[in-house]
Amino acid sequence: PSSGINAEYGQEAKKEAEIQSETRKERRKQIRETEEKNKTKDQLLVQVEPRDILDYGVIPELAGRIPIVVTLDSLTQEDLMIIANDKERGVISQLKELLSLNDCDLEFSDDALKAVAELAFCKKTGARALKSIVETTLLDAMFEIPGSDIKHVLISSDTVLENQEPRYTRRDADV
């Protein structure tokens with residue numbers, strides 16, 4: 001009887017691994033497509049002239065007040081990683097500061113930072129997605145830490161991508 005349970009568990013684990021593999025492949029495909037679209041769009045926007053703004057529908061009185069037309073390149077995953085981890089204004093730095101009020105250190109592994117940037121890139125909402133993803137990842141930890149003996153929180157890519165629990169280090173022992 002137990003061998004049947006083990007075989008069934010093995011099949012479920014295999015299905016789970018296949019699903020995760022397919023999810024990663026879909027995410028990579030989406031990233032490649034988005035990068036290609038962004039590159040094409042950025043190349044076209046560089047060529048925008050004041051006449052194009054009028055043709056787009058902006059009234060001449062307003063278009064005449066725009067002395068310079070400037071375009072911005074789309075954010076890359078690397079840009080999003082830099083923005084998230086900015087020492088002064090990055091969302092991760094802000095949350096580190098918040099958790100330090102409870103004598104707790106927050107650490108994102110390099111893989112976790114890449115995973116956050118990857119998810120934000122896939123959402124196509126720029127840096128705004130970073131805050132949402134990081135806060136969702138830390139939601140449970142933010143409720144557990146105040147008043148607890150947790151002194152360090154390590155966020156891995158599994159925490160970000162697969163909703164696994166962060167690794168907590170307690171003042172007395174590791175959990």
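Anything mentioned here points back to the structure above.
Residues numbered from 1 in each chain as written. Predicted model: local features only at pLDDT ≥ 70, side-chain atom pairs only at ≥ 80, totals over all residues. Heavy atoms only, no water.

### Some thoughts on the side chain of Asn 38
Piece 1. As for its placement among the helices and strands, Asn 38 is situated in helix H1 (residues 2-45).
Piece 2. Relative accessible area serves as the criterion here: at 17%, Asn 38 is assigned to the buried category. (Helix = DSSP H or I, 4+ residues; strand = E, 2+ residues; numbered from the N terminus. Buried < 20%, exposed > 50% of the residue type's maximum accessible area, 1.4 Å probe, protein only.)

### Details of the nonpolar core
Piece 1. Membership of the largest hydrophobic core comes to 30 residues, with the highest contact counts inside it found for Leu 106, Phe 108, Val 134, Leu 138, Val 153 and Ile 155.
Piece 2. Listing elements by their share of this core, those giving two or more residues are helix H4 (77-84), helix H5 (91-100), strand S1 (105-108), helix H6 (110-123), helix H7 (128-137) and strand S2 (150-155).
Piece 3. Every residue in contact with Val 153, bar those within four places of it in the chain, is listed here: Cys 104, Asp 105, Leu 106, Glu 107, Ile 145, Pro 166, Arg 167 and Tyr 168. (Core = buried A, V, L, I, M, F, W, Y, C linked by side-chain atoms within 4.5 Å. Contact = heavy atoms within 4.5 Å.)

### Some thoughts on H5
Piece 1. Every buried residue of H5 is listed here: Val 91, Ile 92, Ser 93, Leu 95 and Leu 99.
Piece 2. Those residues of H5 hidden inside the fold are in contact with H4, S1, H6, H7 and helix H8 (139-144).

### Thoughts on the packing of H4 against H6
Piece 1. For the pair H4 and H6, interaxial distance at closest approach is 9 Å and the crossing angle is 120°. With respect to each other, H4 and H6 are oriented oblique. Crossing hand, H4 versus H6: right-handed. Between H4 and H6, the residues in contact are Gln 77, Leu 80, Met 81 and Ala 84 and Leu 113, Lys 114, Ala 117, Glu 118, Ala 120 and Phe 121, respectively.
Piece 2. Here the residues of the contact of H4 with H6 are counted per class, giving seven nonpolar, one polar and two charged. (Axes fitted to C-alpha atoms, helices over the stretch in contact; angles between N-to-C directions. Parallel < 35°, antiparallel > 145°, perpendicular 65-115°, else oblique. Left-handed = near helix turned anticlockwise from the far one by under 90°. Nonpolar A, V, L, I, M, F, W, Y, C, P; charged D, E, K, R; others polar.)

### Details of unusual backbone geometry
Piece 1. Its identity is not glycine, yet Asp 103 carries a phi of approximately 55°, on the positive side.
Piece 2. With respect to the helices and strands, Asp 103 occurs in the loop between H5 and S1.
Piece 3. Positive phi, normally seen in glycine, also occurs at Lys 124, with a value near 60°.
Piece 4. In this structure, Lys 124 sits in the loop between H6 and H7.

### Things to note about the sheet that holds S1
Strand pairing in a sheet relies on backbone hydrogen bonds, with the paired strands running either antiparallel or parallel.
Piece 1. The three strands are arranged S1-S2-S3 in an open sheet whose pairing can be described as mixed. The sheet is open, and its two edges are formed by S1 and strand S3 (167-170), each paired on a single side. Between one strand axis and the next, the sheet turns through 15° on average, direction left out of account.
Piece 2. Pairing of S2 with S3, which is carried by four bridges, proceeds in the antiparallel orientation. Across the sheet, Val 153 pairs through a bridge with Tyr 168, a residue of S3. (Pairing = 2+ DSSP bridges.)

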